Amino acid sequence: MLRLRPTMLSDLDWVVSVERDPANLPFITPWERPQHEGAIRFPDSRHFIIETDEQARAGYVILQGCRNPNGSVELKRLVLQTKGQGLGRAVVRQLKAMAFSQLKAHRFWLDVKALNTRALALYRSEGFVDEGCLRESVRLSGEGADGYDSLVVLSLLDREYRARVALGQEAA
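Bear in mind that the values here come from a model prediction, so they are computed numbers and not experimental data.

Rules used throughout
- Residues numbered from 1 in each chain as written.
- Predicted model: local features only at pLDDT ≥ 70, side-chain atom pairs only at ≥ 80, totals over all residues.
- Heavy atoms only, no water.
- Phe/Tyr/Trp six-rings, centres within 6.5 Å; stacked < 30°, edge-to-face > 60°.
- Buried < 20%, exposed > 50% of the residue type's maximum accessible area, 1.4 Å probe, protein only.
- Pairing = 2+ DSSP bridges.
- Helix = DSSP H or I, 4+ residues; strand = E, 2+ residues; numbered from the N terminus.
- Axes fitted to C-alpha atoms, helices over the stretch in contact; angles between N-to-C directions.
- Contact = heavy atoms within 4.5 Å.
- Core = buried A, V, L, I, M, F, W, Y, C linked by side-chain atoms within 4.5 Å.

### Quick look at the packing of aromatic side chains
Any two aromatic rings considered together are summarised by their centre-to-centre distance and by the angle between their planes. Here the structure, examined in full by the defined rule, presents four aromatic pairs. Measuring from ring centre to ring centre gives 6.3 Å for Phe 100 and Phe 108, while their planes differ by 85°; the resulting arrangement is edge-to-face. By the burial criterion, Phe 100 is buried, and Phe 108 matches it. Taking the centre distance of 5.7 Å and the plane angle of 75° together, the rings of Tyr 123 and Phe 128 count as edge-to-face. Given a relative accessible area of 7%, Tyr 123 falls into the buried group. The exposure class assigned to Phe 128 is buried, which follows from its relative accessible area of 4%.

Here is the structure:
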C-alpha cells in the first residue's frame, strides 16, 4: 500500500536529511528548509510524504504549477529513501493520475539529470517523451565532484495519458 499525504512542517527535518543522503545527493539539487516550507505553503505547489505500510515515511515528492493556467504541471522532485523496490514506479503512476484527473493538467513534465539513468529509464517506460536536453546546466555537487551535468526534459500530454489508459497501461 502506498499513500501520498501532505507534508507537515514537522516532517521537514526528515525531508532535508533524505535529500542530503549521499545516495540521493548526486541526482538532485538540494533545497534549504525554507524552500521546502515555501512549497508547503504556496498554493501552486503540492508537497507530499510518500508512506508505505512497512515504512511510515519512504520518500517525498513536490509538484509545481498545480494552478498553472496553461495546465502545465511539473514533477519538481521525487526522492526515495530506499531504492529498487518498485516504489518509484508506483509513485509516478499515482502522480500521473493526480496530474491528469485531479489537477486537470494538459502537460505533466519534469527534468532529470542525465547521469540519473535509472530515473530516465523509469520515466520513459511510463510514457514520458524526451523534449530536449539542457546541456551542462547544473554543477555537479558532492565530494570530489568537478564539472557539470545536463538536464533531460520529458513530458506526458493528457491525450497520451488517456491513450495509455485506453490500452490498459494505466489504471483508470
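### Some thoughts on the sheet that holds strand β2 (residues 45-52)
What the seven strands build is an open sheet, ordered β1-β2-β3-β4-β5-β7-β6; its pairing is mixed. Of all the strands in the sheet, just β1 (2-6) and β6 (129-139) have a single pairing partner and so form its edges. Each strand axis lies, on average, 25° off the axis of its neighbour in the sheet, ignoring direction. One ladder, built from six bridges, connects strand β3 (residues 59-64) with strand β4 (residues 72-80); its direction is antiparallel. Each bridged residue has a counterpart across the sheet, and for Leu 63 the counterpart in β4 is Leu 75. Of the strands in this sheet, β2, β3 and β4 are in contact with helix α2 (residues 33-41), which crosses β2 at around 100°.

### Details of the nonpolar core
Residues Leu 63, Leu 75, Leu 78, Phe 108 and Tyr 123 are the most contacted members of the largest nonpolar core, which totals 33 residues. Among the elements of the structure, β1, β2, β3, β4, α3 (87-102), β5 (107-113), α4 (117-125) and β7 (148-157) are those that each provide at least two residues to this core. No other element matches the seven residues that α3 contributes to this core. Counting residues in hydrophobic clusters, the runner-up holds 11 residues, among them Trp 31, Ala 39, Ile 62 and Val 79.

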